Amino acid sequence: MSNSTPPRALTIAGTDSGGGAGVHADCRTFFACGVHATTAVTAVTVQNSVGVSGFHEIPPEVVAAQIEAVVTDIGVTAAKTGMLASAAIIDAIADTCDKVGIGRDHTIPFVVDPVSASMHGDQLLHDNALAGLKNRLFPRASLVTPNLDEVRLLTGIDVTSRDMMLDAAKAMFDFGPQWVLIKAGHLRSDPECVDILYDGVAVIELPGPRFDVKDTHGSGDTLASSITSALAKGATMPSAVEFGKRFITKAVQNAYPLGAGVGPVSNFWRLSDDRF
Ligand SMILES: Nc1ncnc2c1ncn2[C@@H]1O[C@H](COP(=O)(O)OP(=O)(O)O)[C@@H](O)[C@H]1O
Ligand SMILES: Cc1ncc(COP(=O)(O)O)c(N)n1
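Residues numbered from 1 in each chain as written. Chains lettered and ligands numbered in written order. Predicted model: local features only at pLDDT ≥ 70, side-chain atom pairs only at ≥ 80, totals over all residues. Heavy atoms only, no water.

**Focus: the environment of Asp-98**
At step 1: Looking at where Asp-98 falls in the secondary structure, it is placed in helix α3 (residues 87-100).
At step 2: Spatially, the C-alpha atoms of Asp-98 and Leu-124 are 25 Å apart, while their sequence positions differ by 26 residues.
At step 3: With residues near it in sequence (within four places) discarded, Asp-98 still touches His-106 and Arg-140. (Helix = DSSP H or I, 4+ residues; strand = E, 2+ residues; numbered from the N terminus. Contact = heavy atoms within 4.5 Å.)

Given below as structure tokens:
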């Protein structure tokens, strides 16, 4: 008997020692979606529920080597980025993506989550790396997924209402990605959580409830990796994002307390049977 190889996804991101965000959130989301998880670690963070107290960057050539090793042997059917730390790491990723065929002009869809800081405000990307994100990664992206803080940092637009999210999507689209997803989690004045997907023509609203929960650590990573999972299975971008929105809504609803600070969103609801 021989079993078939499942879809494979790659996350290029930092680790979270507290297990809430980053590579950890991505791998368990890939697993929960039935996708084999592969990783290219960019940085090791010292992190728990109260914040990030430091990180150690992986040398750019080691990040590149991880991507190349995975793609050339295992093959991946979609890839995503999270915490990238430095301009040199971003350059190495962009060069390697071109070499191995990841990105909007290649066959492997590429989701770029422009992570700049943790939810506690700890910086995860050096200031001088913003230009690299804009010039080297966004033009290669099938999808970029900024939150409203990242929108402000990248475009200068301070989104204070649902209407302004389209302005933000247009400004992000000008950086050259195929699709833009503006996430509404930080728009706390809105009683709902309506994300906006845009490709220069279509504007697709992703409606969802806003839960009154404090434990939302890893929500951005979980959304981007559930979208990546659907892309890895061959979904179109609109249906992958609709799947991701349903997935993250359940994950936020099932978030749990952990430690003294902020707990993570949860994928446990995906486990159909907890008996061993
Ligand atoms: N309180 C909440 N209730 C329901 N969905 C939420 C909540 N907070 C965030 N989300 C959803 O989680 C995803 C990540 O959103 P956001 O918090 O804006 O990004 P990030 O985690 O990158 O800061 C989005 O789909 C958003 O709509
Ligand atoms: C390694 C790593 N990657 C990403 C995040 C962002 O997640 P959050 O916004 O929930 O802090 C994080 N805190 N750590």
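**Considering the UniProt feature "domain: Pyridoxamine kinase/Phosphomethylpyrimidine kinase" (unreviewed entry) in the protein chain**
At step 1: This chain's UniProt record puts "domain: Pyridoxamine kinase/Phosphomethylpyrimidine kinase" (unreviewed entry) on residues 16-265.
At step 2: Secondary structure content for residues 16-265 is 38% helix and 17% strand, and the end C-alpha separation is 14 Å. (UniProt positions renumbered as here; feature names shortened; annotations may be inferred.)

**Focus: the packing of helix α7 (residues 219-232) against helix α8 (residues 237-253)**
The axes of two packed helices give the description: the angle between them and the distance between them.
At step 1: Running from N to C, α7 and α8 cross one another at 140°; their axes reach a closest spacing of 8 Å. Viewed along their axes, α7 and α8 adopt a mutual orientation that is oblique. When you trace α7 past α8, the crossing you get is right-handed. Contact residues: α7 offers Ser-219, Thr-222, Leu-223, Ser-226, Ile-227, Ala-230 and Leu-231, while α8 offers Met-237, Ala-240, Val-241, Phe-243, Gly-244, Lys-245, Phe-247, Ile-248 and Ala-251.
At step 2: Among the residues forming the contact of α7 with α8, the class breakdown is 11 nonpolar, 4 polar and 1 charged. (Axes fitted to C-alpha atoms, helices over the stretch in contact; angles between N-to-C directions. Parallel < 35°, antiparallel > 145°, perpendicular 65-115°, else oblique. Left-handed = near helix turned anticlockwise from the far one by under 90°. Nonpolar A, V, L, I, M, F, W, Y, C, P; charged D, E, K, R; others polar.)

**So, the site of ligand 2**
At step 1: Around ligand 2 sit 13 residues in total, of which Thr-15, Gln-47, Met-119, His-217 and Gly-218 are the nearest.
At step 2: Here His-217 contributes a side-chain N or O atom positioned 2.9 Å from an oxygen atom of ligand 2.
At step 3: Contact with the protein chains covers 92% of the free accessible surface of ligand 2, which is 360 Å².
At step 4: When atom positions are compared with the pocket grids, ligand 2 is found to occupy the largest pocket.
At step 5: Of the residues contributing to the shell around ligand 2, the split by class is 4 nonpolar, 8 polar and 1 charged. (Near = heavy atom within 4 Å. Polar contact = N/O pair within 3.5 Å; in protein donor to acceptor, adjacent residues only side chain to side chain. Areas by Shrake-Rupley, 256 points an atom, 1.4 Å probe, with all protein chains shown as cover. 1 Å grid on protein atoms, 1.4 Å probe; cavity = no way out; pocket = protein on both sides within 12 Å on 5 of 7 lines; lining within 4 Å. Sits in = over half its atoms within 2 Å of the grid points.)

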